[in-house]
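Here's the letter readout for the chains.
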Amino acid sequence: ESLAVSSLLLTDRNPIPERSAMAAAAPAGLRLPHDRPLRVYAEVYGLAAEGGTSRYDVEYAVERIGVGAPSPAGGPRRTSFRFRRERPARSVTVESLVVDPGRLPRGRYRLLLVVTDALANARTASAPLEFELR
């Protein structure tokens, strides 16, 4: 009944955005090629609905981590993508995004998904997921 988000799944393949397909495509040790698009998958639970529609904001935050992890070209160590979503109301809403990390240098990163229900004014976040671009 309350707003929640599942753990994140991440792959460099292009499976359908569905939990079992994404889990099967996730690479061992979350080591991914730095030059291939990444697909992120999560499930959002407990979104409020109005007129059969849920409205929510998502923020995908990617942060470079680790010893000696300077920001690329003097830029920020953290990059965020923000979107307003409007979807048919469901008990489980699939949230998925394909990101081309081509401008990110090789290294270790932390990914976090923050969901804000625009109708209920509630906010939740995923557990952070660490991965490596190699």
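Residues numbered from 1 in each chain as written. Predicted model: local features only at pLDDT ≥ 70, side-chain atom pairs only at ≥ 80, totals over all residues. Heavy atoms only, no water.

**Overview of the overall build of the chain**
- Of regular secondary structure, the chain possesses one helix and ten strands.
- Element order for the chain, N to C, with α for helix and β for strand: β-β-α-β-β-β-β-β-β-β-β.
- For 134 residues, the compact-globule formula gives about 14 Å, and the C-alpha radius of gyration of the chain, at 15 Å, lands near that figure.
- C-alpha atoms of the chain, sized along the principal axes, occupy 50 × 30 × 20 Å.
- Counting the 134 residues in the chain, one finds 40% classified as buried.
- Restricting to contacts in the chain with at least 6 residues of sequence separation, those with at least 24 account for 69%.
- Here the chain displays about 7,400 Å² of accessible surface, and carbon together with sulfur accounts for 49% of that area.
- Between the mean site of the 20 positive side-chain charges and the mean site of the 15 negative ones, the chain shows a separation of 6 Å. (Helix = DSSP H or I, 4+ residues; strand = E, 2+ residues; numbered from the N terminus. Rg over C-alpha atoms; globule rule 2.2 N^0.38 Å. Buried < 20%, exposed > 50% of the residue type's maximum accessible area, 1.4 Å probe, protein only. Contact = heavy atoms within 4.5 Å. Areas by Shrake-Rupley, 256 points an atom, 1.4 Å probe, with all protein chains shown as cover. Lys, Arg positive; Asp, Glu negative; His and termini not counted. Charge placed at Lys NZ, Arg CZ, Asp CG, Glu CD.)

**Digging into the pattern of salt bridges**
- Throughout the structure, instances matching the rule amount to 13 salt bridges.
- One salt bridge in this structure joins Arg55 and Glu86, with 3.9 Å as the shortest N-O distance. On the criterion of sequence distance, the pair formed by Arg55 in strand 5 (residues 53–65) and Glu86 in strand 6 (residues 78–88) is long-range, its members being 31 residues apart.
- By relative accessible area, Arg55 is classed as partly exposed at 21%.
- Note that Glu59 and Arg78 form a salt bridge whose closest N and O atoms lie 3.9 Å from each other. One end of the pair, Glu59, is in strand 5; the other, Arg78, is in strand 6, and 19 residues separate them in sequence.
- By relative accessible area, which is 12% here, Glu59 ends up buried. (Salt bridge = Lys/Arg side-chain N within 4 Å of Asp/Glu carboxyl O.)

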